[in-house]
Amino acid sequence: MTDLVPIGLVRSERRELTDDNWGTVTSVIALDADRFGTDALIGLDGFSHLEVVFHFHRLPPAEIESGARHPRNNPDWPLVGIFAQRGKYRPNRIGVSRCRLLRVDGLDIHVVGLDAVDGTPVLDIKPYMTQFGPRGDITQPAWVNELMRDYY
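Residues numbered from 1 in each chain as written. Predicted model: local features only at pLDDT ≥ 70, side-chain atom pairs only at ≥ 80, totals over all residues. Heavy atoms only, no water.

*Asks:* Give a description of the nonpolar core that names residues and reports values.
*Replies:* Of all hydrophobic cores here, the largest spans 22 residues; its most connected members are Ile29, Leu50, Val52, Ile109, Val111, Leu114 and Ile125. Those elements that provide at least two residues to this core are strand E2 (26–31), strand E3 (49–55), strand E6 (94–105), strand E7 (108–112) and strand E8 (121–127). Looking at which element gives the most residues to this core, the answer is E3, with three residues. Every residue in contact with Val111, bar those within four places of it in the chain, is listed here: Val25, Thr26, Ser27, Ile29, Leu50, Cys99, Arg100, Leu101 and Leu102. Within the second largest apolar cluster, five residues are counted, among which are Trp77, Val80, Val144 and Leu147. (Core = buried A, V, L, I, M, F, W, Y, C linked by side-chain atoms within 4.5 Å. Buried < 20%, exposed > 50% of the residue type's maximum accessible area, 1.4 Å probe, protein only. Helix = DSSP H or I, 4+ residues; strand = E, 2+ residues; numbered from the N terminus. Contact = heavy atoms within 4.5 Å.)

Now the structure itself:
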């Protein structure tokens, strides 16, 4: 497998690794000017939302989980496998987030609701298209609603 090289970095006032209140956080994804020109972003402003793939770079490898854990270490929530949750303690420390695109300014992509802290390496950006959203009914355990209540 080839090494992943970040395409840019998140610039944000949010520096703390807290789990909630991301809905009003504005950020800039600053693309790497040594690798990209503004033509890489042509047409992106036609979309309202983006999917951003990033690296949980501040999570020490020693904290990676490969088995089951209580989400947010809350014993009131069930013990579930790492692949049955979206926490940052993932084996490859990769995060995926959907956020609202505010504007594109040169190589700066202004967004709101991106749950990544300042300095986070961005691995990829994709426009969100409804056709790639879930098809059919969506189900999830009740504890997820409680966990996500104050997330955005």
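*Asks:* Summarise a nonpolar patch on the surface; cite the residues concerned and give the values.
*Replies:* Together, Leu4, Ile94 and Val96 make up a nonpolar patch on the protein surface, roughly 240 Å² of accessible area in all. Assignment of secondary structure puts Val96 in strand E6. Val96 sits in the partly exposed class, given a relative accessible area of 41%. (Patch = residues over 30% accessible without salt bridge, like charges linked within 9 Å, V, L, I, M, F, W, Y side chains within 5 Å. Areas by Shrake-Rupley, 256 points an atom, 1.4 Å probe, with all protein chains shown as cover. Salt bridge = Lys/Arg side-chain N within 4 Å of Asp/Glu carboxyl O.)

*Asks:* Before we move on, can you summarise the environment of Pro6 with the specific residues and values?
*Replies:* Checked against the element boundaries, Pro6 lands in the segment before strand E1 (8–12). Look past the residues within four positions of Pro6 in its chain and what remains in contact with it is Arg35, Pro121, Val122 and Leu123.

*Asks:* Kindly report on the packing of aromatic side chains, identifying the contributing residues and their values.
*Replies:* We describe a pair of aromatic rings using the distance from one ring centre to the other and the angle between the two ring planes. According to the stated counting rule, one finds one aromatic pair in the structure shown. A centroid spacing of 5.3 Å and a plane angle of 80° characterise the contact between Phe54 and Phe56, whose relative ring orientation is edge-to-face. Relative accessible area serves as the criterion here: at 2%, Phe54 is assigned to the buried category. For Phe56, a relative accessible area of 17% gives the class buried. (Phe/Tyr/Trp six-rings, centres within 6.5 Å; stacked < 30°, edge-to-face > 60°.)

*Asks:* Any details on unusual backbone geometry? Residues and values, ideally.
*Replies:* Even without being a glycine, Asn73 presents a positive backbone phi close to 55°. As for its position among the elements, Asn73 is in the loop between strand E4 (68–69) and strand E5 (80–81). One non-glycine residue, Arg93, lies in the positive phi region at around 55°.

*Asks:* Go over the environment of Thr120 with me, naming the residues and quoting the values.
*Replies:* Relative to the assigned elements, Thr120 resides in the loop between E7 and E8. Residue class for Thr120 comes out buried when judged on its relative accessible area of 3%. Once the C-alpha coordinates of Thr120 and Val10 are considered, the two residues, 110 residues apart in sequence, prove to be 5.1 Å apart. Excluding residues that lie within four positions of it along the chain, Thr120 makes contacts with Gly8, Leu9, Val10, Phe54, His55 and His57. A distance of 2.6 Å separates a polar side-chain atom of Thr120 from the backbone oxygen of Val117. (Polar contact = N/O pair within 3.5 Å; in protein donor to acceptor, adjacent residues only side chain to side chain.)

Any functional reading would require information that these geometric values do not contain.
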